[in-house]
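A closer look at the structure
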Amino acid sequence: MVKIIAVANQKGGCGKTTTSINLAACLAFLGKKVLLIDLDPQAHSSIGLGVNPEELEKSLFDVFDDSDEGNLGLNEVIVRVFKNLDLAPAQVILSAIEQKLSGIQGREIRLSEKIKSLRNAYDFILIDCSPSLGLLTFNALSAADEVLVPV
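The present account deals with the structure reproduced in this document. These numbers were taken from a predicted model, which means no experiment stands behind them.

**What about the overall build of the protein chain?**
Each helix and strand in the protein chain was counted, giving six helices and six strands. Counting helices and strands in the order they occur from the N terminus, the protein chain gives β-α-β-α-α-β-β-α-α-β-α-β. For the protein chain, whose C-alpha radius of gyration is 14 Å, the value lies close to the compact-globule estimate of 15 Å for 151 residues. Projected onto the principal axes, the alpha-carbon positions of the protein chain cover approximately 40 × 30 × 30 Å. By element, 51% of the accessible surface of the protein chain is carried by carbon and sulfur atoms, the whole surface being about 7700 Å². The positive charge centre, built from 14 side chains, and the negative charge centre, built from 19, are 7 Å apart in the protein chain.

Next up, the structure:
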C-alpha cells in the first residue's frame, strides 16, 4: 500500500525541498517506486531534479484547474526523472490556483481525489509543500497519511 507523506512547514528556508528531493532519491535508490509532487509554485523540487518549469506544456496547475483546458489527471503531467523516481512538476502559475478555485466546493481535497488513481503505481508519494498554510498545503495535508515537518 502506498505511503503518502507531506513535507510541510509554514516557514520558508527550513529544508522542505531538500528533504523532499533527498528522501525521494534515497527511496528510489532502494528500489521503491516514488512520486514527488512539487506543490510549491516556486518549483524548486522540479528545478532541483533537473526539470525546467518554463519548458513544460502542462503542470500541477492543469491538474487543479477545473476549466475545459485543465482538469488533467496526475498521470498526464508526470515526468520520469530517474529509475523509480517520477515528478509531478510545478510552475509559477500554480500560485494563482487559490484565487481561481475560490468558492469552488471540494477545492481542498482535489489532490487527494487525483492521487486515488495512482495509489497502486507507487510505494511512496512525497508532497513538497509551499511555505504557507494556503489551499495547496491544505490539499497536501488532506491527501497525506503522514506529515514530515523539517525545522
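**Digging into the sheet that holds strand 3 (residues 79–82)**
Within a sheet, neighbouring strands are paired by backbone hydrogen bonds and run either parallel or antiparallel to one another. The six strands are arranged 3-4-2-5-1-6 in an open sheet whose pairing can be described as mixed. Taken across any chain shown, the strands that pair with only one partner, and hence form the sheet edges, are strand 3 and strand 6 (146–148). Put simply, the sheet's adjacent strands are angled 25° from each other on average, direction ignored. Inspection of the sheet shows strand 2 (residues 34–39) paired to strand 4 (residues 85–88) by four bridges, in the parallel sense. Considered in strand 4, the bridge of Leu 36 is made with Leu 87. Where helix 1 (residues 16–29) meets the sheet, it contacts strand 1 (3–7), strand 2, strand 4, strand 5 (124–129) and strand 6, and its direction lies at approximately 165° from that of strand 5. Of the strands in this sheet, strand 1, strand 2, strand 5 and strand 6 are in contact with helix 6 (residues 135–143), which crosses strand 5 at around 155°.

**Regarding the pattern of salt bridges**
With the rule as written, the count across this model stands at four salt bridges. The closest approach of N and O atoms between Glu 113 and Lys 116, which form a salt bridge, is 3.3 Å. Note on Lys 116: relative accessible area 48%, which makes it partly exposed.

**A few points about the state of the cysteines**
Scanning the model with the defined rule gives zero disulfides in all. Of all cysteine sulfurs in the structure, the one in Cys 129 sits closest to Cys 14, which takes part in no disulfide; the separation is 11 Å. Summary of cysteine pairing: Cys 26 is not part of a disulfide, and the nearest cysteine sulfur, belonging to Cys 14, is at 18 Å. Residue classification places Cys 26 among the partly exposed positions, given a relative accessible area of 47%.

The rules behind these values
- Note on numbering: residues in each chain are counted from 1, in written sequence order.
- Where totals are concerned, whole chains, interfaces and linings use all residues; where local detail is concerned, this predicted model gives features only for residues with pLDDT of at least 70, and gives and counts side-chain atom pairs only at 80 or more.
- To obtain the side-chain values, all non-hydrogen atoms of the structure were used and water was disregarded.
- For the purposes of this entry, the term helix denotes a DSSP run of H or I that reaches at least four residues, the term strand denotes a run of E that reaches at least two, and both are numbered from the N terminus.
- To get the radius of gyration, use the C-alpha atoms; to get the globule rule, take the number of residues to the power 0.38 and multiply by 2.2 Å.
- Throughout, the Shrake-Rupley method with a 1.4 Å probe supplies accessible areas, and for residues the shown protein chains are the sole cover considered.
- When charges are counted, Lys and Arg are positive and Asp and Glu negative, with His and the chain ends excluded.
- The location of each charge is read from NZ of Lys, CZ of Arg, CG of Asp or CD of Glu.
- For two strands to pair, DSSP has to find at least two bridges joining them.
- Every angle, taken between N-to-C directions, lies between 0 and 180 degrees, and every axis is a line fitted to C-alpha atoms, over only the stretch in contact when it is a helix.
- It only takes one pair of heavy atoms within 4.5 Å for two residues to be counted as in contact.
- Salt bridge, as used here: a side-chain nitrogen of Lys or Arg that lies within 4 Å of a carboxyl oxygen of Asp or Glu.
- Only protein chains enter the calculation, and the probe is 1.4 Å; a residue is then buried if its accessible area is under 20% of its type maximum, exposed if over 50%, and partly exposed in between.
- Cysteine sulfur pairs qualify as disulfides if the two atoms are within 2.5 Å.

Scope: geometric values only; no functional claims are made or implied.
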